[in-house]
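# Notes for the structure review
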Amino acid sequence: MENGKKINKEYLEGGLPKYLKESLEEYKISLKKIESGQKDLRFDLYYDGLRSNINVAENGYQISKEQANYLRNKYL
C-alpha cells in the first residue's frame, strides 16, 4: 500500500512461461470448484504443482523474484 492505496500489480501475471500459465489455470479452476462446495481430489496436486512451477520459473530466471513473490502471495 502506498498512501493508503493498494497498488495494482496484476501486470506481474503477464509474460509467464507456458507451463506456469497452465499450472495457474488448473489451480484456479480447482479452487473455484472447492469454493463452490464441490470436491476436487486433485486440489493438493494443483497447489503443489503451482508452488513448484513458480520456484522452477524463478530459479531458471524465467520470471523475476518480484513476479514469483506476487504469485505466491496472491495464490498460495
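Higher on the page you've got the structure.
The model shown is predicted, which means the values in this text are computed figures rather than measured ones.

## Thoughts on helix α3 (residues 65-75)
Taken together, the buried positions of α3 are occupied by Q67, A68, Y70, L71 and Y75. Here the buried residues of α3 occupy an arc of 160 degrees about the axis, which is enough to place them on one side. Residues of α3 that are exposed and angled more than 90 degrees away from the buried face: K65 and N73. Those residues of α3 that are buried are in contact with α1 (18-35) and α2 (43-59).

## Overview of α1
One turn of the α-helix equals 3.6 residues, which is why residues spaced by three or four share an orientation. With 18 residues, α1 should reach 26 Å at 1.5 Å per residue; the first-to-last C-alpha distance of 26 Å fits that figure. The complete set of buried residues in α1 reads L20, S23, L24, Y27 and S30. Axial view of α1: buried residues confined to an arc of 135 degrees, hence all on one face. Among the exposed residues of α1, those oriented more than 90 degrees off its buried face are K18 and K32. In this structure, the buried side of α1 is in contact with α2 and α3.

## Re the nonpolar core
Of all hydrophobic cores here, the largest spans 15 residues; its most connected members are L20, L50, I54, I63 and L71. Secondary structure elements with two or more residues in this core: α1, α2 and α3. Tallying contributions element by element places α2 first for this core, with 5 residues. Not counting the four nearest positions on each side in its chain, L50 is found in contact with L20, S23, L24, Y27, Y75 and L76.

Analysis parameters
Residues numbered from 1 in each chain as written. Predicted model: local features only at pLDDT ≥ 70, side-chain atom pairs only at ≥ 80, totals over all residues. Heavy atoms only, no water. Buried < 20%, exposed > 50% of the residue type's maximum accessible area, 1.4 Å probe, protein only. Helix = DSSP H or I, 4+ residues; strand = E, 2+ residues; numbered from the N terminus. Arc of directions from axis to C-beta. Contact = heavy atoms within 4.5 Å. Expected span 1.5 Å × (residues − 1). Core = buried A, V, L, I, M, F, W, Y, C linked by side-chain atoms within 4.5 Å.

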